[in-house]
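# Structural features, examined
Next come the chains, spelled out residue by residue.
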Amino acid sequence: MENNNNALEKNLWKVFLPDLVKTSRTWYLVFAILFLLFLFGLFCLYTQITQGHIVTGMRDNVVWGMYIVNFIFFMGVSYAGALISGVLHLFRSDWRGSVVRMAELITVISLLIGPCFIMFCIGRLERLPFLAMYPRIQSPITWDVIAISSDIIGCFIFLYLSFLEDFARLRDMKQAGFSKWRTKIYRILALNYHGSPEQRKHLKWARDVMAAMIIAIAIIVYSVLAWIFGVTLQPGWHSTIFGPYFVIAAIYSGTGVLIILMWIFRKIYHLEEYITKRHFVNVGVLLLIIAAFYGYFTFSDYLTKWYGSVKMDKVLIDKLFTEFYTMFILSNYVGILVPMLVVGIKKLRTIPNITIAAFIAVLGLWFNRYLIVVPTLETPYLPIQDIRPAWIHYTPTWVELGLTLASLATFGLLIMLAAKLVPIVSVSEMVEIEENVSVEVKPEIR
Amino acid sequence: MERSCNILKRVFLFTTLVCLAFFFHPFTGLSLPQGGAPEKKPAALALTRVKMSNGDHQMKVVLSSTSENGRTLLAGLPVTFVGGKDLSVKYSEQKTNARGVAMFTIPKDKLPAKDPDGTITLGVKFDGNKEYEPAEEQAGVKDLTIEVTTEVADTVRSVKAFAFEVDEKGAKVPLKATDIAFYVPRMFSYLKIGEGSLDSSGVCVVEFPKNLPGDSAGKVTVIARIEDNDIFGNVEGSTRVDWAVPTQHFVKESYRALWSQIAPTWMIITLIILLTGVWGHYTYAVVKLFQIRKEGKNLSS
């Protein structure tokens, strides 16, 4: 059986090693395009810093716009990545090997990008240290800062633990032809790990503990994010179900992003053997279940607001069904029903269909965030008087769109760089699964 | 042929009539054009005047219009407060609020001259507009004064009201056999604490209730009031006593609150538990990493 494991490992390295050692022209081209987009984002940021927030669509009333939408979106994606990798690891799922690393990368990279949007959104950045110098524990913003920073550190530790074995394997690959500096990096990062029983025991304990912790902290982080809205007396926000609703929505969007990434990496690295239809269907079924929960929460939230007929809630819902009609339908009908139908009906359950359904779900979720943030701020309890109409209604500007585009490009860039450092599929995890399967299935042979 | 023509004519006539009936039916909201200017709606003023304890006259008027659809309160329209026998003294013009109410207080030194019979006439006018007809309302009352005093007999605390007119010679003429009520102002309305009838000397005494909440010093205003009297209208007199129970109306602000500098204890405890739990586990994982490193060094050596 050990021979089988060795064969599997050899095959895996055969697939991934060339991309770790050599860099293709296509890689450089894609990297250059994404880097240009990133530079454009820097230019947008420079424009915003030099000319002020007047270059954005945000004004006195609608003080949160696309930046906060993106912040919630990326945080949601990161949360789902943490939850999926944590759960699959804890339950020792036998199909996790091909998926967990992508989920972990999604988590960490989204966590790095998401909070940047807060910096873009707020003015007077020089006051930011005051948040740490004079914190008020009663403020949800303080909760958010504490929760997100704890989450980032926790996710980094978890990611590092899952990379450790692969770093050790890469360090020991003398024949791979890595450059000196790279070998040195692997040596430092591998922490003298040699896979001894004692080391494996330590690593297993650490990973189990961290897997459980990142699930818990991700729930707390996303709930805290929801409470920023929930504790605010604004139409559409002041809701007790916002915590669990945000958590469910986050898992939904993150699952969608994971499916999209699985499809992309499957195509790029020709991973048809390792990321099979089974993986897509399994993650797709998760998407279906979460879609059902998400639909239930959405309906429950809007029904109670509509039935309560509180004046401004009614005005808000009327606005959603008139000014934001297309977005509302795309977000809360198409974005929920299409993924459910595609995964639910067996004939439609193909890899491209599931990927398209995931894309629709992610798009729907982004619109959902937009509908939570913008229409509410356009409908305050206190009437907006004597203000230019252009200041009441929010429309994102090219600066905001540019920074959004740049954030997506940065996401791609960091994924590409990470894929250059370690294999995008966890080799050690795949080998471990193979070992466990052989132990469970054929104990008498051994 | 002729018969069928007749039938067609009848059908045409019937259809035309039905259409006309439909279009000009009240439910359709259409009507035949009317000649001349549209009719104005009637307006009405309901005036209430109260002689306050300081001698000023407070006037309150409600402007409304009553039609077959019911009573409508007229908001944002100007009304003029006037006085004198022929309402020639103009005091002030006020606009009605959302409830059709306008108020004005006439100081005692600005009151119009009394009529020969001692009546003081005050009124209010609405000049009308394109939609509403003009309206006028006046109330003529004789001058009456109520003096409110207090007395304590044994442990019983009483409030005494003395109502009187002042004749030409300046002598006090007591008002007899008239109902009078005693009130204490509360946050939203007056609380009645007693009532009675003026005796032959124009006096009515009521006992002050025990355990009545007052301000922080236990002070409270007692008002004696004659209401809707045919000759004197509404008249009141007042005094301030310190017989009530001192009450702290403000809530003492907590040192630890949502809005104070220092967070509530429960919040700090929750945060400590959460952070200890999370960072404790992180520390455990990092310690495990150090152990892995140490183990690796041992293996290498």
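Source: prediction; values computed, not measured.

Looking now at the pattern of salt bridges. When the charged atoms of two side chains with opposite charge come close together, those side chains can pair. According to the stated counting rule, one finds 16 salt bridges over all chains in the structure shown. A salt bridge links Glu323 of chain A to Lys319 of chain A; the shortest N-O distance between them is 3.6 Å. Across the pair Lys172 of chain B and Glu147 of chain B runs a salt bridge, and its minimum N-O distance is 3.3 Å. Taken together, the positions of Lys172 of chain B in strand E11 (residues 172–174) and Glu147 of chain B in strand E9 (residues 145–153) put the pair 25 residues apart, joining distant regions of the chain. Among the residues examined, Glu147 of chain B registers a relative accessible area of 34% and is labelled partly exposed. Salt bridges linked by common partners bring Arg92, Lys204 and Asp208 of chain A together as one network.

Moving on to a nonpolar patch on the surface. Residues and elements named next belong to chain A. A surface patch of nonpolar side chains, amounting to about 500 Å² of accessible area, comprises Met119, Ile122, Leu125, Leu128, Leu131, Ile141 and Val145. Mapped onto the elements, Met119 comes out in helix H5 (residues 116–121). For Met119, a relative accessible area of 34% gives the class partly exposed.

What follows covers the nonpolar core. Nonpolar side chains tend to gather and get buried jointly when the protein is soluble and globular. Grouped together as the largest cluster of nonpolar side chains are 141 residues, with contacts concentrated most on Ile72, Tyr222, Phe229, Leu258, Leu271, Phe411 and Ile424 of chain A. In terms of residue count, helix H10 (residues 242–269) of chain A provides more of this core than any other element does, 17 residues in total. In contact with Leu271 of chain A, other than residues within four places in its own chain, are Val15, Phe16, Phe265, Arg266, Ile424 and Val425 of chain A. Residues Leu212, Phe232, Val241 and Ala244 of chain B belong to the second largest nonpolar core, which totals 25 residues.

Taken together, the contact pairs 29 residues of chain A with 31 residues of chain B. Three residues, Ile137, Gln138 and His202 of chain A, lead the burial of chain A against chain B; their summed loss comes to 24% of the area buried on that side. At the surface where chain A touches chain B, the tally comes to zero salt bridges. On inspection of chain A and its partner chain B, the count reaches ten residue pairs in polar contact (both at pLDDT 80 or more). Elements with a minimum of two residues in the side of chain A that touches chain B: helix H7 (140–171) and helix H9 (197–230) of chain A. No other element matches the eleven residues that H9 of chain A contributes to the side of chain A that touches chain B. For the side of chain A that touches chain B, the per-class residue count stands at 18 nonpolar, eight polar and three charged.

The relative placement of two packed helices comes down to the angle between their axes together with the axis-to-axis distance. All names here are of chain A. Between helix H3 (residues 66–90) and helix H16 (residues 398–421), the shortest axis-to-axis distance is 10 Å and the interhelical angle comes to 20°. Between H3 and H16, the angle falls in the class roughly parallel. Crossing of H3 against H16: the hand is right-handed. Note on element contacts: H16 touches H3 through Val399, Glu400, Leu401, Leu403, Thr404, Ser407, Leu408 and Phe411, opposite Met66, Tyr67, Asn70 and Phe74. For the contact of H3 with H16, the class distribution of residues is eight nonpolar, three polar and one charged.

Time to look at the domain arrangement of chain B. Note on interface size: it is often stated as the accessible area lost on association of the parts. Residue and element names in this part refer to chain B. The domain boundaries assigned to chain B delineate domain 1 (44–142) and domain 2 (145–241). Relative placement of domain 1 and domain 2: their C-alpha centres are 27 Å apart. Counting residues at the interface gives eight residues for domain 1, matched by eleven residues for domain 2. Both sides together, the interface formed by domain 1 and domain 2 hides about 810 Å², and carbon and sulfur atoms give 47% of it. At the boundary of domain 1 and domain 2, one finds zero salt bridges.

All names here are of chain B. What the four strands build is an open sheet, ordered E5-E4-E7-E8; its pairing is antiparallel. Among the strands making up the open sheet, the edge pair consists of strand E5 (89–95) and strand E8 (135–142). Neighbouring strand axes in the sheet, compared pairwise and without regard to direction, differ in orientation by 20° on average. By the bridge criterion, four bridges tie strand E4 (residues 78–83) to strand E7 (residues 119–126) in an arrangement that is antiparallel. Bridge assignment links Phe81 to a residue of E7, and that residue is Val124.

Quick look at unusual backbone geometry now. Even without glycine at this site, Asn192 of chain A takes up a positive phi of about 60°. The phi dihedral of Asn211 of chain B falls on the positive side, at around 60°, and the residue is not glycine. By secondary structure assignment, the location of Asn211 of chain B is in the loop between strand E14 (203–207) and strand E15 (220–229).

Let's shift gears to helix H13 (residues 325–344) of chain A. Residue and element names in this part refer to chain A. Here H13 contains 20 residues, and its C-alpha end-to-end distance of 27 Å stays within 8% of the 28 Å for a straight helix at 1.5 Å per residue. At Val334, H13 shows its maximal kink, close to 35°. Burial in H13 covers these residues: Phe328, Ser331, Asn332, Gly335, Ile336, Pro339, Val342 and Val343. In this structure, the buried side of H13 is in contact with H10, helix H11 (277–308), helix H12 (311–320) and helix H14 (351–377).

Our next topic: H3 of chain A. When the terminal C-alpha atoms of H3 of chain A are compared, their 36 Å separation across 25 residues agrees well with the 36 Å that a helix rising 1.5 Å per residue should span. Counted residue by residue, H3 of chain A has 23 buried out of 25 residues, so it is predominantly covered.

Residues and elements named next belong to chain A. Considering the arrangement of structural elements, one finds Ile415 in helix H16. According to the relative accessible area criterion, Ile415 is buried, its value standing at 5%. C-alpha separation for the pair Ile415 and Leu303, spaced 112 residues apart in sequence, amounts to 40 Å. Filtering out sequence-adjacent residues up to four positions away, Ile415 remains in contact with Leu105, Ile109, Leu261 and Phe265.

What counts, and where the lines are drawn
- Residues numbered from 1 in each chain as written.
- Chains lettered and ligands numbered in written order.
- Predicted model: local features only at pLDDT ≥ 70, side-chain atom pairs only at ≥ 80, totals over all residues.
- Heavy atoms only, no water.
- Salt bridge = Lys/Arg side-chain N within 4 Å of Asp/Glu carboxyl O.
- Helix = DSSP H or I, 4+ residues; strand = E, 2+ residues; numbered from the N terminus.
- Buried < 20%, exposed > 50% of the residue type's maximum accessible area, 1.4 Å probe, protein only.
- Patch = residues over 30% accessible without salt bridge, like charges linked within 9 Å, V, L, I, M, F, W, Y side chains within 5 Å.
- Areas by Shrake-Rupley, 256 points an atom, 1.4 Å probe, with all protein chains shown as cover.
- Core = buried A, V, L, I, M, F, W, Y, C linked by side-chain atoms within 4.5 Å.
- Contact = heavy atoms within 4.5 Å.
- Buried area = accessible area lost by both parts, 1.4 Å probe.
- Polar contact = N/O pair within 3.5 Å; in protein donor to acceptor, adjacent residues only side chain to side chain.
- Nonpolar A, V, L, I, M, F, W, Y, C, P; charged D, E, K, R; others polar.
- Axes fitted to C-alpha atoms, helices over the stretch in contact; angles between N-to-C directions.
- Parallel < 35°, antiparallel > 145°, perpendicular 65-115°, else oblique.
- Left-handed = near helix turned anticlockwise from the far one by under 90°.
- Domains from an automatic or database assignment.
- Pairing = 2+ DSSP bridges.
- Expected span 1.5 Å × (residues − 1).
- Bend = angle between axes of the 7 residues up to and from the residue.

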